[in-house]
There are 2 protein chains.
Amino acid sequence: MQVTSSKLSFHEPLSLKSGATLDDYELVYETYGELNAAKSNAVLICHALNASHHVAGVNHEGEPGWWDNMVGPGKPIDTRRFFVIGVNNLGSCFGSTGPKSINPRTGQAYGSDFPVVTVEDWVQTQARLLDQLGITRLAAVMGGSLGGMQALSWSVQYPERVAHCIVIASTPKLSAQNIAFNDVARQAIMRDPEFHGGHYYAHGVVPRRGLSVARMIGHITYLSDDDMAEKFGRTLRQKEDFDYTFGVEFEIESYLRYQGEKFSDYFDANTYLLITKALDYFDPAKAHGGDLQQALKSASAQFLVVSFTTDWRFPPARSRDIVKALVAQRHEVSYAEIDAPHGHDAFLLDDARYHALIRQYFNTRVLP
Amino acid sequence: MQVTSSKLSFHEPLSLKSGATLDDYELVYETYGELNAAKSNAVLICHALNASHHVAGVNHEGEPGWWDNMVGPGKPIDTRRFFVIGVNNLGSCFGSTGPKSINPRTGQAYGSDFPVVTVEDWVQTQARLLDQLGITRLAAVMGGSLGGMQALSWSVQYPERVAHCIVIASTPKLSAQNIAFNDVARQAIMRDPEFHGGHYYAHGVVPRRGLSVARMIGHITYLSDDDMAEKFGRTLRQKEDFDYTFGVEFEIESYLRYQGEKFSDYFDANTYLLITKALDYFDPAKAHGGDLQQALKSASAQFLVVSFTTDWRFPPARSRDIVKALVAQRHEVSYAEIDAPHGHDAFLLDDARYHALIRQYFNTRVLP
């Protein structure tokens, strides 16, 4: 399935949660399937940290979408039935306006002058995109991890526009440990001399070293301890015994360094900073004195909440907190805790029980 | 209790596990209490990553020892009864020969030319130190974390020299996840432009940024998720609402950055690299085809193994692996899994049940 992306420009000033305003911005998006005549079969997929609008199919660069195992003809979210939309979030680096874009006030890249964006801001821009597409109500909004936060936020920012809200491997707020990992990653980037206070574009460099250390830190938290033990254990890298040097000794070192390098080839450091901050800031209960029930009171969607047993980044207990608050508000909610070995990354993988669950939910509950 | 350190020079070449040889080196150490006439009351305390020979009492800089709550007159390891020895490990940065020392072959600091050292190498040097002190057999050898690895290694490298071996919050080998965290920390240091390939002394700089990121990463793994939640949670740093900037928003950010800065004021980056490698390499079962039972077969000490429920760096299951191997070899072993909230760092803290256990063990089992 060959797909192409589209772009829309927005000229109505956007008031951000930080107090800043963005006068103009563009959002790049992809769609899969056909919008029906009633415009009632739209499913919005929200992306997590390093993903993009390219959810499914194969793009012009030959790359499959990041959730291609989930979305497509005959797949759990069946694009023969649903019109699926993927949007690159504001502040990202895959085509929507972000730190790499030209700041009209200076004629230079925004860099670190790009305003801080929040989950709520993203939801607001996604709603405007749907307005342009003529979609007033979503059959479902859905996402994993940070994408799940956006889905949850949709359910209270625009309750009348969401029929089903599907929140996977997510949390109602980061823990101190989550914030700690994010901040160390940010420090690694911001202390890289090639960061230049966020204006590295003008210097023709990128803070590769910092960005790749940041990615390595993040990557460890996406995998489960057991999964790492199973995949890598203490296997040495192409040798029988130690070299006793500071080169690569273990496979896990080689793997992580490769992940770090690969990431710093394609991802923008300022975007990494912005997106980890959006994660930190997300806390819908905060405006309600910490009461998540009150925060979710206005929702009217039906909910599906999914967690994975070995996810130590956002463990099942956090999903259960969402479920408990929804139940206390007498919202309709289904909850599945899936026994999967792959840690936080499980939400992206083709686990049979997980996919069967999503398929079944869309087949029987979500009406186009 | 005012204490002073001593130093001993060794001129017999030391063959390291890496194959390298060190011709001359010095070890700095402290002792507490009196060695009895039979020289039978010595307890060797092995230190972990960032600690030193300064275990107990107050040194000339007014600093209390890192295990002062455990060791001293009337304390769980009672220095009215035992003669306690703390040694700064070879390669460290607190007085024993290490990367900051002058390499006699070049007249410059060793820097990254200092040989890679292992737990086994440390134990060998500690044994030579005991030889100089005229101590043939230890009443006990003891340590937490990396110190526990040294204690365990003592029990098989010099079985006849150890009466009791006390292994706390430790592991028979690092997991892939442990190695991953160590390697990311090393990458943060080695990618700092001020690292200069490990010869930063000659440039009059230190890789502060990298070292402090490394410490921040390590620090997260020393605390439990729950403990961090309890101590910091999502509490903001001296404000009621977010600033939406890349400055400090949360207390946990301030705390971690402070820990990173403080550490890079006093710790040497090359030592950090060496010690994390010693952790990675430790795996006594490796020479026995992965069979820990065989590795521990030659031990003749009595063992006490202690773990803490919330330690996710070296979880109780790893201690249980040691215990199972010892039991299978019919060695005498006591095991305690202590319900403590403080994660890996619990071994350093004054937990009532933990201290009562150590006190009781020394009072009733360890004979001076």
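Only a predicted model underlies this, so the values are computations on that prediction, with no experimental measurement involved.

A.B. asks: Can you help me understand the nonpolar core in this one?
C.D. replies: Across soluble globular proteins, you tend to see nonpolar side chains buried next to one another. Ranked by internal contacts, the top residues of the largest apolar core, which has 252 residues, are Trp154 and Ile168 of chain A together with Ile168 of chain B. Once residues lying within four places of it in the same chain are set aside, the contact partners of Ile168 of chain A are Trp67, Met142, Gly143, Gly144, Ser145, Gly148, Val306, Phe308, Phe347, Tyr354 and Ile358 of chain A.

A.B. asks: Please clarify how the relation of the copies chain B and chain A should be interpreted in this entry.
C.D. replies: One chain copy maps onto the other through a rotation about an axis and a shift parallel to that axis. Superposition record for chain B on chain A: RMSD 0.0 Å, screw rotation 180°, translation along axis 0.0 Å. Interpreted geometrically, this transformation is the action of a two-fold axis. When the interface residues of chain B are mapped onto chain A, 100% of them again fall at the interface, so both copies present the same face.

A.B. asks: Would you mind going over the pattern of salt bridges with me for this structure?
C.D. replies: Any two side chains of opposite charge can pair, given that their charged atoms come close. Residues and elements named next belong to chain B. All told, the structure shown has 45 salt bridges over all chains when counted by the stated rule. Across the pair Arg208 and Glu261 runs a salt bridge, and its minimum N-O distance is 2.8 Å. Taken together, the residues Arg208 in helix H4 (residues 208-222) and Glu261 in helix H6 (residues 251-266) connect sequence positions 53 residues apart. Taking the relative accessible area as the measure of exposure, Arg208 reaches 28% and is therefore partly exposed. You can call Glu261 partly exposed: its relative accessible area is 30%.

A.B. asks: Just checking my understanding: could you explain the packing of aromatic side chains for this structure?
C.D. replies: Any two aromatic rings considered together are summarised by their centre-to-centre distance and by the angle between their planes. Taken as a whole and judged by the stated rule, the model has 46 aromatic pairs over all chains. Ring geometry for Trp66 of chain B versus Trp67 of chain B: centroids 5.2 Å apart, planes at 15°, classification stacked. Since its relative accessible area comes to 0%, Trp67 of chain B is described here as buried. For the ring pair Trp154 of chain B and Tyr158 of chain B, a centre distance of 5.2 Å and an interplane angle of 50° mean the geometry is tilted. Across the pair, Tyr158 of chain B and Trp154 of chain B agree in class, each one buried. An aromatic cluster is defined as three or more aromatic residues linked by ring pairs; in this entry it consists of Phe94, Phe263, Tyr266, Phe267 and Tyr272 of chain A.

A.B. asks: Can you help me understand the interface of chain B and chain A in this one?
C.D. replies: By a widely used convention, the size of an interface equals the accessible area lost when the partners come together. On the side of chain A, 58 residues touch chain B, which itself brings 58 residues to the contact. Interface of chain B and chain A: buried area, both sides summed, is about 5000 Å²; carbon and sulfur atoms make up 66% of it. One can count 10 salt bridges joining chain B with chain A. Where Arg257 of chain A meets Asp183 of chain B, a salt bridge forms, and the shortest distance between an N and an O atom there is 2.8 Å. The interface formed by chain B and chain A contains 25 residue pairs in polar contact (both at pLDDT 80 or more). Secondary-structure elements contributing two or more residues to the side of chain B that touches chain A are helix H3 (176-190), H4, helix H5 (225-231), H6 and helix H7 (269-281) of chain B. Considering each element in turn, the side of chain B that touches chain A owes the most residues, 11 residues, to H3 of chain B.

A.B. asks: I would appreciate a short explanation of unusual backbone geometry in the present structure.
C.D. replies: Most peptide bonds adopt trans geometry, and most residues besides glycine take a negative phi value. Residues and elements named next belong to chain B. Phi at Ser145 is positive, roughly 60°, even though this residue is not glycine. Summarising the element assignment, Ser145 is placed in the loop between strand S11 (138-144) and helix H2 (146-157). The backbone of His196 shows a phi angle near 50°, a positive value even though the residue is not glycine. In this structure, His196 sits in the loop between H3 and H4. Classification of His196 as partly exposed rests on a relative accessible area of 34%.

A.B. asks: Can you walk me through the sheet that holds strand S11 (residues 302-308) of chain A in this structure?
C.D. replies: Strand pairs in the sheet, formed through backbone hydrogen bonds, run parallel or antiparallel to each other. Residue and element names in this part refer to chain A. If you walk across this open sheet you meet the eight strands as S1-S4-S8-S5-S9-S10-S11-S12, and the pairing is mixed. At either margin of the open sheet sits one strand with a lone partner, and together these are strand S1 (6-10) and strand S12 (333-338). Sheet twist, expressed as the average angle between the axes of neighbouring strands with direction ignored, equals 20°. Of the pairings in the sheet, the one linking strand S5 (residues 42-46) to strand S9 (residues 138-144) comprises four bridges and is parallel in character. Directly across from Leu44, in S9, lies its bridge partner Val141.

A.B. asks: Is there a simple way to explain helix H3 (residues 176-190) of chain A in this structure?
C.D. replies: For the α-helix, the turn length of 3.6 residues means that residues three or four positions removed from each other point alike. When the terminal C-alpha atoms of H3 of chain A are compared, their 20 Å separation across 15 residues agrees well with the 21 Å that a helix rising 1.5 Å per residue should span. Across the 15 residues of H3 of chain A, 14 count as buried, placing the element largely inside the fold.

A.B. asks: I tried to follow the packing of helix H1 (residues 119-133) of chain B against H2 of chain B on my own but got confused; where do I start?
C.D. replies: Each pair of packed helices gets described by two things: the angle between the helix axes and the distance between those axes. All names here are of chain B. Taken N-terminus to C-terminus, the directions of H1 and H2 make an angle of 70°; their axes are 9 Å apart at the nearest point. Judged by the angle between their axes, H1 and H2 are roughly perpendicular. Relative to H2, H1 is oriented so that their crossing is right-handed. Counted together, Val119, Glu120, Trp122, Val123, Gln124, Gln126, Ala127 and Leu130 of H1 and Leu146, Met149, Gln150, Ser153, Trp154 and Gln157 of H2 form the full contact between these two elements. Residues of the contact of H1 with H2, tallied by class, amount to eight nonpolar, five polar and one charged.

Conventions and cut-offs
- Residues numbered from 1 in each chain as written.
- Chains lettered and ligands numbered in written order.
- Predicted model: local features only at pLDDT ≥ 70, side-chain atom pairs only at ≥ 80, totals over all residues.
- Heavy atoms only, no water.
- Core = buried A, V, L, I, M, F, W, Y, C linked by side-chain atoms within 4.5 Å.
- Buried < 20%, exposed > 50% of the residue type's maximum accessible area, 1.4 Å probe, protein only.
- Contact = heavy atoms within 4.5 Å.
- Least-squares fit on C-alpha atoms with pLDDT ≥ 70 in both.
- Salt bridge = Lys/Arg side-chain N within 4 Å of Asp/Glu carboxyl O.
- Helix = DSSP H or I, 4+ residues; strand = E, 2+ residues; numbered from the N terminus.
- Phe/Tyr/Trp six-rings, centres within 6.5 Å; stacked < 30°, edge-to-face > 60°.
- Buried area = accessible area lost by both parts, 1.4 Å probe.
- Polar contact = N/O pair within 3.5 Å; in protein donor to acceptor, adjacent residues only side chain to side chain.
- Pairing = 2+ DSSP bridges.
- Axes fitted to C-alpha atoms, helices over the stretch in contact; angles between N-to-C directions.
- Expected span 1.5 Å × (residues − 1).
- Parallel < 35°, antiparallel > 145°, perpendicular 65-115°, else oblique.
- Left-handed = near helix turned anticlockwise from the far one by under 90°.
- Nonpolar A, V, L, I, M, F, W, Y, C, P; charged D, E, K, R; others polar.

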